[in-house]
Amino acid sequence: MSIIANERRTIVLTGASRGIGHATVKRFSSAGWRVITLSRHGFPENCPWDAGPEDHVQIDLGDPENRAKGVEEVKKRLGGGPLHALVNNAGISPKQEDGDRLNTLNTPEEDWKQVFEVNFFAPVVLARGLLDELKLGKGAIVNVTSIAGSRVHPFAGSAYATSKAALAALTREMAADFGPHGVRVNAIAPGEIDTSILSPGTEEMIKDIPLRRLGKPEEVAKTIYYLCTDASDYVTGAEIHINGGQHV
């Protein structure tokens, strides 16, 4: 990825408010990047983030019409300038009322559709909509999949898991299609990461993880950063497992 001297790089990130997304904001910001965040919610007044509303776009990724308007708003914020990275981190995984996972037998059809709108369609719509800016920046796209996309998971629901499996396949297709435009597309597949949204019982899974611990959001953010910088210039179409060996 060739970077013009002294050019401040820009990343667009979905799902930035907590966990992996929040750690990613901090990682890129500390390296001097401009971070534009996308969320269904408005910018919180009590957030200490320096750029504030200037670099936050309110967008409902699950609503096709609102999503299209959000893409146009992002383009306006970029002002015709280059975009160096797009990280599709937002994802939803509905549960039953008692907190149990929803499987293929009991997931309502509307839930399937909503999960795929956010977890699958939003990444490709954002990438296509921002292609001109990504071409200018010789940018990189990172799709956040999941270990649940390749195995039945005790907590992640069926709609979530299948959407992440589809996103992994989409990453390969996008790598082939975006590559000739100078844009790289990769994915990361986190396992059990120590965040505030861990399901009860996750700690019991540690004994089955070769590294015998949960991952840290900062460790995931570092891998995302690697995939968005010139350290990974010749890497595209890959899915990197970040799970302490849980997938082996």
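For the structure, check the block above.
Residues numbered from 1 in each chain as written. Predicted model: local features only at pLDDT ≥ 70, side-chain atom pairs only at ≥ 80, totals over all residues. Heavy atoms only, no water.

As a further point, take the overall build of the protein chain. From N to C terminus, the protein chain includes six helices and seven strands. Listed N to C, the secondary structure of the protein chain is β-α-β-β-α-β-α-α-β-α-β-α-β in terms of helices and strands. Residues counted as buried form 47% of the 248 residues belonging to the protein chain. Long-range contacts, defined as pairs at least 24 residues apart, comprise 71% of the intrachain contacts of the protein chain with a sequence gap of at least 6. (Helix = DSSP H or I, 4+ residues; strand = E, 2+ residues; numbered from the N terminus. Buried < 20%, exposed > 50% of the residue type's maximum accessible area, 1.4 Å probe, protein only. Contact = heavy atoms within 4.5 Å.)

Formed by 30 residues in total, the largest nonpolar core has its most connected members in Leu-38, Ile-141 and Phe-178. Elements with a contribution of two residues or more to this core: β2 (34-39), α2 (64-78), α3 (109-129), α4 (131-137) and α5 (158-178). Among the elements that line this core, the one with the most residues is α3, at seven residues. Sequence-distant contacts of Leu-38, defined by excluding residues within four places in its chain, comprise Val-12, Leu-13, Thr-14, Gly-15, His-56, Val-57, Ile-59, Val-74 and Leu-126. (Core = buried A, V, L, I, M, F, W, Y, C linked by side-chain atoms within 4.5 Å.)

This part takes up the packing of α2 against α3. Contact geometry for α2 and α3: axes closest at 10 Å, N-to-C directions at 35°. The two elements α2 and α3 cross, and the hand of that crossing is right-handed. Counting all contacts with α2, which are made through Pro-64, Arg-67, Val-71 and Lys-75, the residues of α3 involved are Glu-117, Phe-121, Ala-122, Val-125, Leu-126 and Gly-129. A breakdown of the residues in the contact of α2 with α3 according to their chemical character gives six nonpolar, one polar and three charged. (Axes fitted to C-alpha atoms, helices over the stretch in contact; angles between N-to-C directions. Left-handed = near helix turned anticlockwise from the far one by under 90°. Nonpolar A, V, L, I, M, F, W, Y, C, P; charged D, E, K, R; others polar.)

Here α3 spans 28 Å end to end across 21 residues, near enough to the 30 Å set by a 1.5 Å rise per residue. The sharpest bend along α3 measures roughly 45° and falls at Phe-121, with the proline Pro-123 sitting one to four residues further on. Burial in α3 covers these residues: Val-115, Phe-116, Glu-117, Val-118, Asn-119, Phe-120, Ala-122, Pro-123, Val-124, Leu-126 and Ala-127. (Expected span 1.5 Å × (residues − 1). Bend = angle between axes of the 7 residues up to and from the residue.)

Next up on the list: the side chain of Thr-24. Within the secondary structure, Thr-24 sits in helix α1 (residues 19-30). Side-chain polar atoms of Thr-24 contact the backbone oxygen of Ile-20, separated by 2.8 Å. (Polar contact = N/O pair within 3.5 Å; in protein donor to acceptor, adjacent residues only side chain to side chain.)

Right, let's get into unusual backbone geometry. Excluding glycine, residues mostly carry a negative phi; peptide bonds, for their part, are mostly trans. One non-glycine residue, Lys-138, lies in the positive phi region at around 45°. Take Lys-138: it is sitting in the loop between α4 and β5 (140-144). Lys-138 gets classed as partly exposed once you look at its relative accessible area, which sits at 42%. Despite not being glycine, Arg-212 shows a phi value in the positive range, around 55°.

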